[in-house]
Amino acid sequence: MLPLNLTTEQARRAMLSLLAMGLDARTHRAGDERIEPAEAQRTARDDVQPESSEEAPAGPAEARPSHDSSSRLWIISVDEDELGAALPLVEEAIAPVQEAPAPPPLFLGQHATDGIWTRRNAAAGFAIAAVCIIVHALVHEGEDTIPRSAMIAAGAVAPWLVTQGQWWRLVTAIFLHFDIRHLVGNMSALLLLGPPLAATIGQLRFVLLFLVTGFTGNVVSQLFGDEAAVKAGASGGICGILGAMAGVALATMAAATDARERRPAWQTLGALAALFGMIVGFEPGRDHYAHLGGLLSGLAVGRIIGPAAGNTAT
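These numbers were taken from a predicted model, which means no experiment stands behind them.

Participant: Just checking my understanding: could you explain the confidence of the model for the chain for this structure?
Facilitator: A low pLDDT means the predicted coordinates there should not be read in detail. Summing up the model confidence of the chain, the mean pLDDT is 74 and the portion of residues at 70 or higher is 62%. By mean pLDDT, helix H2 (residues 37-46) is the weakest element of the chain at 48, and helix H7 (residues 169-172) is the strongest at 97. A low-confidence stretch, residues 33-41 (pLDDT under 50), is modelled with 12 contacts involving residues beyond four sequence positions or located in other chains. Across residues 309-314, where pLDDT falls below 50, the model places 16 contacts with residues more than four positions away in sequence or in other chains.

Shown next, in the form of structure tokens:
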């Protein structure tokens with residue numbers, strides 16, 4: 001016979017495991033008279049608690065009551081010929097209960113207890129918006145609209161100049177806007193959609209994605225758009241954010257092992273936002289080629305990079 005000194009909860013779990021395997025096991029409180037097998041089964045199943053808060057009489061050194069407030073110690077005895085089968089079951093039953101894993105992300109890497117639109121998650125979006133606002137103030141100098149020549153001088157895309165080698169305009173035009181309505185609309189979309197994505201892929205990668213997709217959108221517009229139009233605005237990069245949200249969703253779904261993880265609620269929001277972006281992009285007078293180029297490049301980049309390690313912002 002081999003005594004095992006356990007707390008009440010440990011004894012309950014251990015006895016249930018042993019009885020389920022058909023092993024002959026007996027249990028009693030340390031210092032008490034031995035309980036018969038039938039009584040042991042009833043004790044294990046009913047999870048009997050100590051009848052008073054007084055500690056049991058001290059037994060052997062290893063059987064002394066612990067200072068844990070759960071209960072006094074119990075002893076489980078098994079026949080030595082069943083010891084080899086019993087020990088693994090008991091060890092598994094009395095192992096510390098592991099904390100439950102974190103729930104699946106509810107919205108682009110954030111859990112229910114986390115904030116989404118926080119200052120930390122919005123840091124990259126605020127930085128981009130600040131640059132756009134400063135550039136707008138310097139270029140417009142208090143005027144709502146300025147001539148096309150002033151926009152071109154500031155770095156807007158003029159296809160004929162890009163063809164002559166001024167490729168840098170495909171980048172500088174991202175931070176230029178034609179009027180205050182254009183600026184407010186784009187920055188509002190950026191600050192609404194940016195934090196959830198930045199929380200998932202990281203702040204630095206968010207900025208790089210915005211620049212890459214904005215540049216790609218301008219390249220597509222340069223190749224297929226109006227050759228006489230002057231073009232500017234951050235909408236290509238914003239559509240890139242929408243595309244990246246869908247791309248990250250595809251990466252998450254591909255890596256998911258549970259069907260419930262493949263349809264998080266934020267996918268519906270991302271799909272609606274992408275649809276809204278496409279509708280706005282095809283309105284008359286909008287550079288829909290830049291929007292489409294940004295959206296598709298964002299989808300490709302988001303699918304490749306997926307969520308950042310640990311889903312933390314950098």
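Participant: Looking at this structure, I do not really get unusual backbone geometry. What am I missing?
Facilitator: It is generally the case that most residues other than glycine have a negative phi and that most peptide bonds are trans. Phi is positive for Glu141, close to 50°, though the residue is something other than glycine. Here Glu141 is to be found in the loop between helix H4 (123-140) and helix H5 (148-154).

Participant: Whenever I open this one, the packing of helix H9 (residues 203-224) against helix H10 (residues 235-255) confuses me. Can you help?
Facilitator: Taken N-terminus to C-terminus, the directions of H9 and H10 make an angle of 120°; their axes are 7 Å apart at the nearest point. Taken together, H9 and H10 sit at an angle that is classed as oblique. For the crossing formed where H9 meets H10, the hand is right-handed. Across the interface between the two elements, Phe206, Leu209, Phe210, Thr213 and Gly214 of H9 pack against Gly236, Gly237, Ile238, Gly240, Ile241 and Ala244 of H10. Considered class by class, the residues forming the contact of H9 with H10 number six nonpolar, five polar and no charged.

About the criteria used
- Residues numbered from 1 in each chain as written.
- Predicted model: local features only at pLDDT ≥ 70, side-chain atom pairs only at ≥ 80, totals over all residues.
- Heavy atoms only, no water.
- pLDDT = per-residue confidence, 0-100.
- Helix = DSSP H or I, 4+ residues; strand = E, 2+ residues; numbered from the N terminus.
- Contact = heavy atoms within 4.5 Å.
- Axes fitted to C-alpha atoms, helices over the stretch in contact; angles between N-to-C directions.
- Parallel < 35°, antiparallel > 145°, perpendicular 65-115°, else oblique.
- Left-handed = near helix turned anticlockwise from the far one by under 90°.
- Nonpolar A, V, L, I, M, F, W, Y, C, P; charged D, E, K, R; others polar.

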